[in-house]
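# Working through the structure, step by step
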Amino acid sequence: MNPMKNPPHPGRIIRDEVLAPLALDVKNSAHILGVARSTLSRLLNERASLSAEMALRIEKAFGPQADHLMRLQLAYDMAQARCHEDQIQVTRYHPSTS
């Protein structure tokens, strides 16, 4: 599948491109961010979505822009929705022309 149509989960990006180069583990990262270890672990293990608040915490602590991180989440969410869009039964609305 085209990488643009299958973007990575933002948790993977944060884990591999933000925390790993800083040699930070989940426990220490969670402490720095002021969140529960389990909360951060769910994000980094791709079992939870990135919230706007978490994106701001990451920006403040480590530098990546929160807006960019949120765009990664949106791209991921849209790709996941597109995978099952054929199951979404909605008919196009056409306003009457009278």
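This text goes with the structure placed above it.
Residues numbered from 1 in each chain as written. Predicted model: local features only at pLDDT ≥ 70, side-chain atom pairs only at ≥ 80, totals over all residues. Heavy atoms only, no water.

### Points about the overall build of the chain
Our working definition: Elements are defined by DSSP. Helices are runs of H or I of four residues or more, strands are runs of E of two residues or more, and each kind is numbered from the N terminus. Both definitions apply: the radius of gyration is a C-alpha atom measure, and the globule rule equals 2.2 Å times residues to the power 0.38. Residue burial is assigned from relative accessible area. The probe radius is 1.4 Å, only protein chains are included, and a residue is buried under 20% of its type maximum, exposed over 50%, and partly exposed in between. By the convention used here, residues are in contact when the closest approach between their heavy atoms is within 4.5 Å.
Looking only at helices and strands, the chain features 5 helices and 0 strands. For 98 residues, the compact-globule formula gives about 13 Å, and the C-alpha radius of gyration of the chain, at 17 Å, lies well above that figure. With respect to the three principal axes, the spread of C-alpha positions in the chain is 65 × 30 × 20 Å. Burial analysis of the chain (98 residues in total) assigns 27% to the buried set. In the chain, of all internal contacts separated by at least 6 residues, the share reaching a separation of at least 24 is 54%.

### Digging into the side chain of Ser 41
Within the secondary structure, Ser 41 sits in helix α3 (residues 37–44). A relative accessible area of 11% means that Ser 41 is categorised as buried. Beyond its immediate chain neighbours, meaning those up to four positions away, Ser 41 contacts Val 26 and Arg 47.

### Points about the nonpolar core
Short version of the rule: Buried residues of nine kinds, namely Ala, Val, Leu, Ile, Met, Phe, Trp, Tyr and Cys, make up a nonpolar core once their side-chain atoms join them within 4.5 Å.
By size, the foremost hydrophobic cluster in this structure holds 16 residues, and its most contacted members are Ile 14, Leu 33, Leu 40, Leu 50, Met 54 and Ile 58. Looking at this core, the elements that each hand over two or more residues are α1 (10–19), α2 (26–33), α3, α4 (52–62) and α5 (66–82). Here this core takes 4 residues from α4, the largest share from any one element. With residues up to four places along the chain from it excluded, the contact list for Ile 14 reads Leu 19, Leu 43, Leu 44, Leu 50, Ile 58 and Leu 69.

### Details of the pattern of salt bridges
For clarity, the threshold we go by: A carboxyl oxygen of Asp or Glu within 4 Å of a side-chain nitrogen of Lys or Arg is what we treat as a salt bridge.
On inspection of all chains with the given rule, the structure shows 4 salt bridges. Between Glu 46 and Arg 12 there is a salt bridge, with its nearest N and O atoms 3.3 Å apart. Of this pair, Glu 46 sits in the loop between α3 and α4 while Arg 12 sits in helix α1, and the two are 34 residues apart along the sequence. The partly exposed category is assigned to Arg 12, whose relative accessible area is 35%. The salt bridge partner of Glu 85 is Arg 82, with a shortest N-O separation of 3.0 Å. On the basis of relative accessibility, which here comes to 51%, the residue Arg 82 falls in the exposed class.

### Notes on unusual backbone geometry
Residue Ala 23 is not a glycine yet carries a positive backbone phi of 55 degrees. The residue Ala 23 is located in the loop between α1 and α2 in this model. Classification of Ala 23 by relative accessible area gives exposed; the value is 70%.

### Observations concerning the side chain of Ser 29
Put simply, the test is: Definition of a polar contact: a pair of N or O atoms within 3.5 Å, with one able to donate and the other able to accept a hydrogen when the atoms are protein atoms, and with sequence-neighbouring residues admitted only if both atoms are side-chain atoms.
With respect to the helices, strands and loops of the structure, Ser 29 is situated in helix α2. In terms of polar contacts, Ser 29 uses its side chain to reach the backbone carbonyl oxygen of Asp 25, at 2.8 Å. In contact with Ser 29, not counting residues within four places along its chain, are Leu 19, Leu 24 and Leu 40.

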